[in-house]
Amino acid sequence: MSGKKADEGGTPTWYDAGLAHVWLPYAQMKTMRPPLPVARTQGCRIVLADGRELIDGIASWWTTCHGYNHPHIRASIERQLALMPHVMFGGLAHEQALTLARRLAALMPGDLTHVFFSDSGSVAVEVAMKMAVQFWLNQGVRTRKKFLAFTGGYHGDTTGAMAVCDPDAGMHALFHGLLPAHHVVDLPRDEDSTAAFARFLERHAEELAGIIVEPLAQGAGGMRFHDPLVLQHLRAAADRYELLLIFDEIFTGFGRTGSLFACEAAGVVPDIVTLSKALTGGTLPLAATIAGKKVFDAFWSDDPMHALMHGPTFMANALACAAANASLDLFEREPRLRQVANIASALERRLAPCRGLPGVKDVRVKGAIGVVELDRIDDLDGLRARFVQEGVFIRPFGTVIYLTPAFTIGTEELARLTGVVVKVVGDM
Ligand SMILES: Cc1ncc(COP(=O)(O)O)c(C=O)c1O
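Numbering of residues begins from 1 in every chain and follows the order in which that chain's sequence is written. Per-residue local features of the predicted model are confined to residues with pLDDT of at least 70, and side-chain atom pairs are confined, for both listing and counting, to 80 or more; whole-chain, interface and lining totals are unaffected and use all residues. Side-chain numbers here rest on the full set of heavy atoms in the structure, without hydrogens or water.

Participant: Lay out the sheet that holds strand β4 (residues 114-118) with the relevant residues and their values.
Facilitator: Note on pairing: DSSP must find at least two bridges between two strands before they are called paired. Counting from the N terminus, the helices are DSSP H or I runs at least four residues long and the strands are E runs at least two residues long. The seven strands lie next to each other as β4-β12-β11-β10-β7-β5-β6, forming an open sheet whose pairing is mixed. Every other strand in the sheet has two partners, leaving β4 and β6 (183-185) as the edge strands with one partner each. Averaged over all pairs of adjacent strands, the angle between their axes in this sheet comes to 20°, without regard to strand direction. In what follows, residue pairs with any heavy atoms lying within 4.5 Å of each other are defined as contacts. Here, axes are lines fitted to C-alpha atoms. For helices the fit covers the stretch in contact, and angles between N-to-C directions go from 0 to 180 degrees. Contacts from helix α4 (residues 95-107) reach β4, β11 (272-275) and β12 (287-291) within the one sheet, and its direction differs from that of β4 by about 130°.

In structure tokens, the structure reads:
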């Protein structure tokens, strides 16, 4: 064992020796506050190396929907580890992946039954975009290669995914003009934006392979919500102009907005869906791009050139698939969606006191997502540190403070999270 004990004070030796050698995410390495050394996790708690416990308000970037260290997922991973941690997916198949594919296909609406596995959300988006462009190429159409994406959208950090993020809110503003050019417009959510959307399609639909959207809740681009009607409108427009409709459910999938998938709540069947984040209950990296029959059929051919030429080395990793199967068991056996509904009403009630506080622009809740949007946040790092001082892990970004807790969070833990948000916002 390396590392000092908590009561010796200071940071552990592994931390001091290693920190200079890691390049951290979304951080200006020169000026950032150093990350917190974590010793372990349990339930909704992050235990720091110095012994402090933080209540996790964001479930490790929205992944740990059953809380940390769920015994059922752990047992499944351990069983699989003894049997076979990984085997390549080219030319070989294994039970966990095929079982997971079958189960995901059964959960998806309509004919979304063809599952392509990968290892991160961004790659799942890349695969979806590649599928959509090749859907047209395989039919001899070389002109439909752009995508229509939306203001406030975020789809990942790889080059293709970056190019369909909101060019400003999507974090990649520095790359303006350097990425493949797509189109970003406002979601058709009111009269003006709907008219603009219609005018845009009249002019540009012929260049488009498809439309990509985070259904019901746009996450990393600003935690903004929209109505299911918007998605029905997108489906109708996609049908009218023969565009593929891609739902990026990497944030919304597995219950986050109140239904197992956001497409269900909207009663819309997209042509392609991407999943990741909570797919393995937040334990191991795994993602899936799920295509409907129309898309799959465009690749079904005697021509080898019509195949989808994609195959990440660790796709369908057996440990990750075992974790995902165990996570699906938990959705079947435990009342996750009821828990989400309870969290939603608690968030509504307990964040309401923020309404009307100076500097608060909006308070909104959808499923297990609670958002307090401020006019501005001047010192993000300082605000994050303040939350830690209060015993919670919450990571505001842009102008939003948000909570996306594990669905298994206890009533008191949730009350503590919301209480701290109200207190800190009140002190600002
Ligand atoms: C909607 C959405 N799409 C894609 C991604 C990218 O996923 P990953 O970080 O696993 O690459 C994210 C991550 O936040 C996301 O929220």
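Having seen the structure, we can now continue with the description.
Participant: A description of the packing of aromatic side chains should follow, citing residues and the corresponding values.
Facilitator: Each Phe, Tyr or Trp ring, with Trp reduced to its six-membered ring, pairs with another whose centre is within 6.5 Å; inter-plane angles below 30 degrees give stacked pairs, above 60 give edge-to-face pairs, and intermediate values give tilted ones. Counted according to the given criterion, the structure contains ten aromatic pairs. Note on Phe-254 and Phe-261: the rings are 5.2 Å apart at their centroids and 65° apart in plane angle, and the pair reads as edge-to-face. Of the two residues, Phe-254 and Phe-261, neither departs from the other in class, the shared state being buried. Ring centres of Phe-296 and Trp-300 lie 5.8 Å apart, and the angle between their planes is 45°; this geometry places the pair in the tilted category. Joined through ring pairs, the aromatic side chains of Trp-62, Phe-251, Phe-397 and Tyr-402 make up one cluster. Charge over a ring is defined by NZ of Lys or CZ of Arg lying within 6 Å of the ring centre and within 35 degrees of the ring normal. Sitting over the face of the ring of Trp-136, Arg-144 holds its NZ or CZ atom 4.5 Å from the ring centroid. Here's how the labels work: a residue is buried when its accessible area is under 20% of the maximum for its type, exposed when over 50%, partly exposed in between, all with a 1.4 Å probe on protein chains only.

Participant: Requested: an account of a nonpolar patch on the surface, with residues and values cited.
Facilitator: Taken together, the side chains of Tyr-26, Trp-61 and Met-171 define a hydrophobic patch exposed on the protein surface, amounting to about 320 Å² of accessible area. With respect to the helices and strands, Tyr-26 occurs in the loop between α1 (13-18) and β1 (38-42). With a relative accessible area of 45%, Tyr-26 lands in the partly exposed category. Patch membership is restricted to residues that have no salt bridge and whose relative accessible area is over 30%. Joining uses 9 Å for like charges and 5 Å for the nonpolar side chains Val, Leu, Ile, Met, Phe, Trp and Tyr. Shrake-Rupley sampling with a 1.4 Å probe provides the accessible areas, and residues are treated as covered by the protein chains on show and by no other component. Any Lys or Arg side-chain nitrogen located within 4 Å of an Asp or Glu carboxyl oxygen qualifies as a salt bridge.

Participant: Outline helix α12 (residues 336-351), listing residues and values.
Facilitator: Here α12 is 16 residues long and its end C-alpha atoms lie 22 Å apart, about the 22 Å a rise of 1.5 Å per residue gives. Among all positions of α12, only Arg-336, Val-340, Ile-343, Ala-344, Ala-346, Leu-347 and Leu-351 are buried. Expected helix span is given by 1.5 Å per residue-to-residue step, counting one fewer step than there are residues.

Participant: Can you break down helix α8 (residues 228-240) residue by residue, with the values?
Facilitator: Taking 1.5 Å per residue as the helical rise, α8 with its 13 residues ought to reach 18 Å, and the 19 Å between its terminal C-alpha atoms agrees with that figure. Every buried residue belonging to α8 is among Val-230, Leu-231, Leu-234, Arg-235, Ala-237 and Ala-238, and all of these are buried. Each buried residue of α8 lies within a common arc of 165° when the element is viewed along its axis, so the set occupies one face. Structural note: α8 exposes Leu-229 and Arg-240 on the side pointing more than 90 degrees away from its buried face. On its buried face, α8 is in contact with β5 (146-150), α7 (191-204), β7 (208-213), β10 (244-248) and α9 (262-266). By arc we mean the arc of the directions from the helix axis to the C-beta atoms, nothing more.

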